[in-house]
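Okay, here's what each chain looks like letter by letter:
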Amino acid sequence: MRYGMNPHQSAEIVAGPGPRILNGEPSMINYLDALNAFQLVCEVDQATGRPAAASFKHVSPAGAALAGRIDPVAARTWRIGSVEEDTLLSAYVRARDADPKSSFGDVAAFSRPVDRVTAELLSTVICDAVIAPGYEPGTIGILAAKRGGRFLMFEADPTRLPPAAERRDVLGVTIEQDRDTVPVETVLPDSGWLAGTAREDALLGLVTVRYTQSNSVAFVRDGMAIGVGAGQQNRVDCVRLAGVKAKIWWLRRHRFVDGLPMVEEMSRQDRLNWQIRFAAAEMTVAQVQEFEALFGAEARSAYDDPTWRSDWVSKLSGITMTSDGYLPFRDNVEHAAAFGVETIVEPGGSARTSEIAASAAAHGIDHVETGLRLFHH
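Description of the structure in this document. Just so you know, these numbers come straight off a predicted model, no measurement behind them.

**Focus on the overall build of the chain**
Reasoning step 1: When helices and strands are tallied, the chain shows 14 helices and 13 strands.
Reasoning step 2: Compactness check: the chain gives a C-alpha radius of gyration of 21 Å against a globular reference of 21 Å for 377 residues, within 12% of the reference.
Reasoning step 3: A principal-axis box enclosing the C-alpha atoms of the chain has dimensions of 60 × 55 × 40 Å.
Reasoning step 4: Out of the 377 residues in the chain, the part that is buried amounts to 51%.
Reasoning step 5: Contacts in the chain between residues far apart in sequence, at least 24 positions, make up 55% of those at least 6 positions apart.
Reasoning step 6: Put simply, the chain shows about 17,100 Å² of open surface, and 51% of that area lies on carbon and sulfur atoms.
Reasoning step 7: Taking the average place of the 38 positive charges on the side chains of the chain and the average place of its 48 negative ones, the gap between the two points comes to 3 Å.

**Regarding the pattern of salt bridges**
It is possible for side chains bearing opposite charge to pair when their charged atoms get close.
Reasoning step 1: With the rule as written, the count across this model stands at 22 salt bridges.
Reasoning step 2: For the salt bridge of aspartate 71 with arginine 253, the shortest nitrogen-to-oxygen distance reads 2.9 Å. One end of the pair, aspartate 71, is in the loop between strand E3 (60-66) and helix H2 (72-77); the other, arginine 253, is in the loop between helix H7 (235-251) and helix H8 (255-258), with 182 residues separating them in the sequence.
Reasoning step 3: A residue is classified by how much of its surface remains accessible, and aspartate 71, at 15% relative accessible area, is buried.

**Details of the packing of helix H10 (residues 285-295) against helix H11 (residues 297-304)**
Reasoning step 1: At their nearest, the axes of H10 and H11 sit 7 Å apart, and the two run at 140° to each other. In terms of axis orientation, H10 runs oblique to H11. Counting all contacts with H10, which are made through Val288, Phe291, Glu292 and Phe295, the residues of H11 involved are Ala297, Ala299, Arg300 and Tyr303.

**Notes on the sheet that holds strand E1 (residues 20-23)**
Reasoning step 1: A sheet is described by the order of its strands in space; here eleven strands give the open sequence E1-E6-E5-E4-E2-E3-E10-E9-E11-E12-E13, paired in mixed fashion. Looking at which strands have only one partner, the edges of the open sheet turn out to be E1 and strand E13 (366-369). Recorded for the sheet is a direction-independent mean angle of 20° between the axes of neighbouring strands.
Reasoning step 2: Two elements, strand E2 (residues 52-57) and strand E4 (residues 106-110), share four bridges in a ladder whose sense is antiparallel. Counterpart to phenylalanine 56 in the pairing with E4 is valine 107.
Reasoning step 3: The strands that helix H3 (residues 88-96) touches are E2, E3, E4, strand E5 (127-132) and strand E10 (224-230); relative to E2, the one it contacts most, it runs at about 35°.

**Brief notes about the side chain of aspartate 201**
Reasoning step 1: Relative to the elements of secondary structure, aspartate 201 occurs in helix H6 (residues 196-210).
Reasoning step 2: The charged side chain of aspartate 201 is buried without a salt bridge, its nearest counter-charge being arginine 50 at 6.7 Å.
Reasoning step 3: If we skip the residues at most four places from it in the chain, aspartate 201 touches Val220, Arg221, Asp222, Gly223 and Thr320.

**Topic: a nonpolar patch on the surface**
Reasoning step 1: Among the surface-exposed residues, Met1, Met5, Ile13 and Met28 lie close enough to one another that they form a single nonpolar patch of about 300 Å² accessible area.
Reasoning step 2: Note that methionine 5 resides in the segment before E1.

**Describing H11**
Reasoning step 1: Listed in full, the buried residues belonging to H11 are Ala299, Ala302 and Tyr303. The arc that holds every buried residue of H11, seen down its axis, measures 105°, which confines them to one face. Facing away from the buried side of H11 by over 90 degrees, the exposed positions are Ala297 and Glu298.
Reasoning step 2: Where H11 is buried, its residues meet H8, helix H9 (268-280), H10 and helix H12 (307-313).

Cut-off values and rules
Residues numbered from 1 in each chain as written. Predicted model: local features only at pLDDT ≥ 70, side-chain atom pairs only at ≥ 80, totals over all residues. Heavy atoms only, no water. Helix = DSSP H or I, 4+ residues; strand = E, 2+ residues; numbered from the N terminus. Rg over C-alpha atoms; globule rule 2.2 N^0.38 Å. Buried < 20%, exposed > 50% of the residue type's maximum accessible area, 1.4 Å probe, protein only. Contact = heavy atoms within 4.5 Å. Areas by Shrake-Rupley, 256 points an atom, 1.4 Å probe, with all protein chains shown as cover. Lys, Arg positive; Asp, Glu negative; His and termini not counted. Charge placed at Lys NZ, Arg CZ, Asp CG, Glu CD. Salt bridge = Lys/Arg side-chain N within 4 Å of Asp/Glu carboxyl O. Axes fitted to C-alpha atoms, helices over the stretch in contact; angles between N-to-C directions. Parallel < 35°, antiparallel > 145°, perpendicular 65-115°, else oblique. Pairing = 2+ DSSP bridges. Patch = residues over 30% accessible without salt bridge, like charges linked within 9 Å, V, L, I, M, F, W, Y side chains within 5 Å. Arc of directions from axis to C-beta.

Now the structure itself:
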């Protein structure tokens, strides 16, 4: 490998048939991102029968999505025209648009071979690597030219099954465990209300947290994981983090944020970063001054006014929340309700699960227990 976890660490693969490298030279983190991301999209595709894509950073998804409708805001953001809803391109645009601040320099993963229009979009975004089960004619040349010819391309075998047991060496200790292979579709109830898009959202959310560093929570809406709370030491911080990301995604759809004046020669990513700061009301004093200089006094006045944000966020709804571990206290439900969650899918089985169910019912939230914990480290 180019290097290990850090540039001062050397690394090599000592066993196992990994994905084929078509271009570039990977680091250890590139491998970890690519392997986990590809497994995520393959499982989602298998569970739903729809093309899937993920945007991975530091061994957790910034976003994951099924193919589907690209709304006008995402179309303007990523500068694309009309896109069919069943395409791989739509899946990646929806995945990357979930948290574009975190997706900067991502590993893009696809459940199906990369086509030309998807490759052309990838060639325009700040993306470090791609993994897919194949590449249609002409796409390898488009992608291999990225980053001065150093763009990293993996080709994975979708028929390869990982071993039933997996090992990890930690400070001289070798640990072996059974690989987590329970199909998530088998743990969801067949009751009529969890059907159609609600069931697909639950499946996407469960697979997403399966490949997210624990503790983790995912907020899913219309086949998109729009908020992923990863790697927190307590559950409620996962909920709050996922909720804040979902809220920013939603606020980017407000006319104030979407309609910020265009600034000549400003890059797409710089504009996105300003929109996110504006939506989240998270600018430093110096950034507020720069924001006004770039976008004008009217935009600055909107930044200082909190009412439009709260009014708009109150309209956010239709979210399914999945959790990799049980919810220990009802404050998890209360925070989820404030972010528009209508369905909670969690393992259940804690001493307070009855309280969680009662709180969900009080907030009009459907509560589903799967009995399946999905920790990932």
